[in-house]
Amino acid sequence: MKIIVTGGAGFIGSNFIFHMLGEHPDYRIICLDKLTYAGNLSTLESVMDNPNFRFVKADICDKAAVEKLFEEETPDIVVNFAAESHVDRSIENPQIFLETNIIGTSVLMDACRKYGIKRYHQVSTDEVYGDLPLDRPDLFFTETTPIHTSSPYSSSKAGADLLVLAYYRTFGLPVTISRCSNNYGPYHFPEKLIPLMIANCLNDKPLPVYGEGLNVRDWLYVEDHCRAIDLIIHNGRVGEVYNVGGHNEMKNIDIVKLICEYLGKPESLIVHVEDRKGHDMRYAIDPTKIHNELGWLPETKFADGIKKTIDWYLANREWWENIISGDYQNYYENMYSKRVSEGTK
Ligand code: NAD
Ligand code: DAU
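A few points on the structure. A quick note: this is a predicted structure, and the numbers were derived from the prediction, not measured.

**Considering the pattern of salt bridges**
Under the defined criterion, the tally for this structure stands at 22 salt bridges. Here Arg-136 and Asp-138 are joined by a salt bridge, their closest N and O atoms 2.7 Å apart. By relative accessible area, Asp-138 is classed as partly exposed at 48%. Of the charged contacts in the structure, one is a salt bridge between Arg-227 and Asp-224, with a shortest N-O distance of 2.6 Å. Taken together, the positions of Arg-227 and Asp-224, both in helix 7 (residues 222–235) and three residues apart, correspond to about one turn of that helix. Sharing partners across several salt bridges, the network here consists of Arg-28, Arg-54, Lys-68, Glu-72 and Glu-73.

**Let's talk about the side chain of Arg-339**
Looking at the element boundaries, Arg-339 is found in helix 12 (residues 328–341). Assessed through its relative accessible area of 7%, Arg-339 is described here as buried. At a separation of 3.3 Å, a polar atom in the side chain of Arg-339 contacts the side chain of Tyr-210. For Arg-339, the contacting residues outside a window of four places in its chain are Asp-88, Tyr-210, Val-273, Glu-274, Asp-275 and Arg-276.

**Digging into the site of ligand 1**
In the region of ligand 1, 29 residues are neighbours, and Ile-12, Asp-33, Ser-85, Tyr-153 and Lys-157 sit closest. Note that an oxygen atom of ligand 1 is positioned 2.8 Å from one of the backbone N or O atoms of Ile-12. Phe-81 has a polar backbone atom sitting 3.1 Å from an oxygen atom of ligand 1. Within the complex, the protein chains bury 97% of what would otherwise be the 840 Å² of accessible surface of ligand 1. Only helix 1 (11–23), strand 5 (119–125) and helix 5 (152–171) provide two or more residues apiece to the shell around ligand 1. Tallied by class, the residues present in the shell around ligand 1 amount to 13 nonpolar, 11 polar and five charged.

**Details of the pairing of strand 11 (residues 240–244)**
Summarising burial for strand 11: four of the five residues are buried, a large majority. Pairing between strand 6 (residues 175–180) and strand 11: five bridges, direction parallel. Bridge pairing in strand 11 links Arg-179 to Asn-243.

**Some details on the site of ligand 2**
Ligand 2 sits among 24 residues. The nearest are Asp-126, Tyr-153, Arg-276, His-279 and Tyr-336. Glu-127 is positioned with one of its side-chain polar atoms (N or O) 2.8 Å from an oxygen atom of ligand 2. Isolated, ligand 2 exposes 690 Å² of accessible area, and the fraction of that covered by the protein chains is 95%. Looking at the shell around ligand 2, the elements with two or more residues in it are helix 6 (193–202) and strand 8 (207–210). Looking at side-chain class alone, the shell around ligand 2 contains 10 nonpolar, eight polar and six charged residues.

Reading guide: rules and limits
Residues numbered from 1 in each chain as written. Chains lettered and ligands numbered in written order. Predicted model: local features only at pLDDT ≥ 70, side-chain atom pairs only at ≥ 80, totals over all residues. Heavy atoms only, no water. Salt bridge = Lys/Arg side-chain N within 4 Å of Asp/Glu carboxyl O. Buried < 20%, exposed > 50% of the residue type's maximum accessible area, 1.4 Å probe, protein only. Helix = DSSP H or I, 4+ residues; strand = E, 2+ residues; numbered from the N terminus. Polar contact = N/O pair within 3.5 Å; in protein donor to acceptor, adjacent residues only side chain to side chain. Contact = heavy atoms within 4.5 Å. Near = heavy atom within 4 Å. Areas by Shrake-Rupley, 256 points an atom, 1.4 Å probe, with all protein chains shown as cover. Nonpolar A, V, L, I, M, F, W, Y, C, P; charged D, E, K, R; others polar. Pairing = 2+ DSSP bridges.

Written out as structure tokens, the structure reads:
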């Protein structure tokens, strides 16, 4: 089996590559990644010499480069993780989100049509469903919840999902889609909540909580997401959407306090800053379908996963310090300096 994994130098894609090479040692895995600010080749260092692994630096929007790779590798499956993934960046600059997340998806699927493929899998997100109110804990996202997006990021992901389903209906392309909740774990880029708070805590820097920090996210350990995708590409029904989540809802502020406690840092580091525009209140996945059809259940409890994650950041300081010492400084300055001065508390 040959699998092209796009976006494999990023957070979830790299964890998926490690998972697949570990679980299916006879598979050939080809990673196609543009190495944007979020892609990091050092993340893949441990598999670079594996004879069943190949890395190719290319843009999923580059039709010629994508077709060349399909001609060389004749893949059986494509799993598309490549995306601009950060909501805050999409609010600053939506354009690149439309290009990579929508046009890139169409370029990949056109190549799949041209060269033939057993499965095209789109890694989507629970954000396509919009958000849920805090005072209705009985409500969850199911696969039939209407698409109702809030940010340029989630709108671009929803656009891609609709295109994927259209390629199934119109061209008969054998597709599947997974819509997962918030992931956490090793190699998570430090612009996102959990790794940002860990890195800032370790550097005794302020911990910028948007608004009051009451927004709820449904956290899943990244390996559980990777296992879900592995199951879907092998046993999932073509043309279907599968929600992935572990019923682990947490308020942002509680996560930040938990990180402080584990690292022995004072909660006085917490600063409430200007809220995200259009900030989704609550995400909560109903994973009944993937459980009933494919037997998937999350294996890592949040209490264990968060400790494993913090310990990983403690043991791999060089990985994230290299990131936050480069261009990321400019991003941080630009994104947070105005927020802090306009903070709510
Ligand atoms: P990430 O930002 O960490 O990684 C994205 C990767 O894609 C990077 O390696 C980057 O270099 C690459 N990339 C970006 N543009 C590209 C292009 N045009 N061509 C080729 N490669 C390109 O993202 P992530 O958090 O690992 O998310 C991966 C996927 O999972 C995304 O599609 C995201 O929407 C989805 N998702 C993420 C989460 C989460 O909590 N992080 C949850 C659900 C779904
Ligand atoms: O739900 C899945 C989505 O989860 C994925 O599709 C996205 O790619 C991924 O980035 C993530 O989106 P979120 O916006 O939920 O994640 P983020 O880590 O950016 O923020 C989580 C929550 O924490 C959110 O309510 C905003 C808040 N936050 C975030 C940052 C970076 C803060 O309070 N302070 C911060 O500095």
